Amino acid sequence: MERGSVDPQKTTKKAQETMGQATEQASETTSGITDTVAGAAKPVTSTLGNTLGGVANTLGGTVGAATRGLGETVTSALPGGMGRPVGDAVSNIGSGVERGVKEVGKGVKDAGELKRSEE
């Protein structure tokens, strides 16, 4: 090879090494940016998630308590034990609504904290 000439194999190898380093640095930078954005968003989404989850739990608890109370009223208002099946059904519906809303509230809180769902 002449003096001052360029060896294509060495140039190609050097270019590949440089591209590999640039790709690695870009990947690290992207990962850092993603972590920063997620970290910055977490307090906002956490506050919102906790607020909405708390409201859902409050509403669910209120509906559950009200329907259980209504069920007890029906049970005691009808003579001869006829109200018991209806009252129990109303109470059970209220408890089911309360449990369902509690699960939704937990999901909202978890989403606000950027947690992954458990399967």
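Residues numbered from 1 in each chain as written. Predicted model: local features only at pLDDT ≥ 70, side-chain atom pairs only at ≥ 80, totals over all residues. Heavy atoms only, no water.

S.K.: Give me helix 2 (residues 83-112): which residues, what numbers.
M.R.: Spanning 30 residues, helix 2 covers 43 Å between terminal C-alpha atoms, matching the ideal 44 Å at 1.5 Å per step. What helix 2 keeps buried is the set Gly83, Gly87, Ser91, Gly94, Ser95, Gly105, Asp110 and Gly112. Two residues or fewer past helix 2, Leu114 is found with a positive phi of approximately 60 degrees. (Helix = DSSP H or I, 4+ residues; strand = E, 2+ residues; numbered from the N terminus. Expected span 1.5 Å × (residues − 1). Buried < 20%, exposed > 50% of the residue type's maximum accessible area, 1.4 Å probe, protein only.)

S.K.: Please give an account of the pattern of salt bridges that cites residues and values.
M.R.: Tallying each qualifying case throughout the model produces 3 salt bridges. Residue Glu98 pairs with Arg68 through a salt bridge whose shortest N-O separation is 2.6 Å. With Glu98 in helix 2 and Arg68 in helix 1 (residues 8-77), this pair connects stretches of sequence that are 30 residues apart. Note on Glu98: relative accessible area 22%, which makes it partly exposed. Given a relative accessible area of 27%, Arg68 falls into the partly exposed group. (Salt bridge = Lys/Arg side-chain N within 4 Å of Asp/Glu carboxyl O.)

S.K.: Could you give an account of the side chain of Ser91, with specific residues and numbers?
M.R.: For Ser91, the position within the fold is in helix 2. Relative accessible area serves as the criterion here: at 14%, Ser91 is assigned to the buried category. Of the polar contacts made by the side chain of Ser91, one reaches the backbone oxygen of Arg68; its length is 3.4 Å. Among residues more than four places away in sequence, those in contact with Ser91 are Thr67, Arg68, Gly71 and Glu72. (Polar contact = N/O pair within 3.5 Å; in protein donor to acceptor, adjacent residues only side chain to side chain. Contact = heavy atoms within 4.5 Å.)

S.K.: Break down a nonpolar patch on the surface for me, with residues and values.
M.R.: On the surface, a nonpolar cluster with roughly 240 Å² of combined accessible area is contributed by Val63, Ile93 and Val97. With respect to the secondary-structure elements, Ile93 resides in helix 2. A relative accessible area of 56% means that Ile93 is categorised as exposed. (Patch = residues over 30% accessible without salt bridge, like charges linked within 9 Å, V, L, I, M, F, W, Y side chains within 5 Å. Areas by Shrake-Rupley, 256 points an atom, 1.4 Å probe, with all protein chains shown as cover.)

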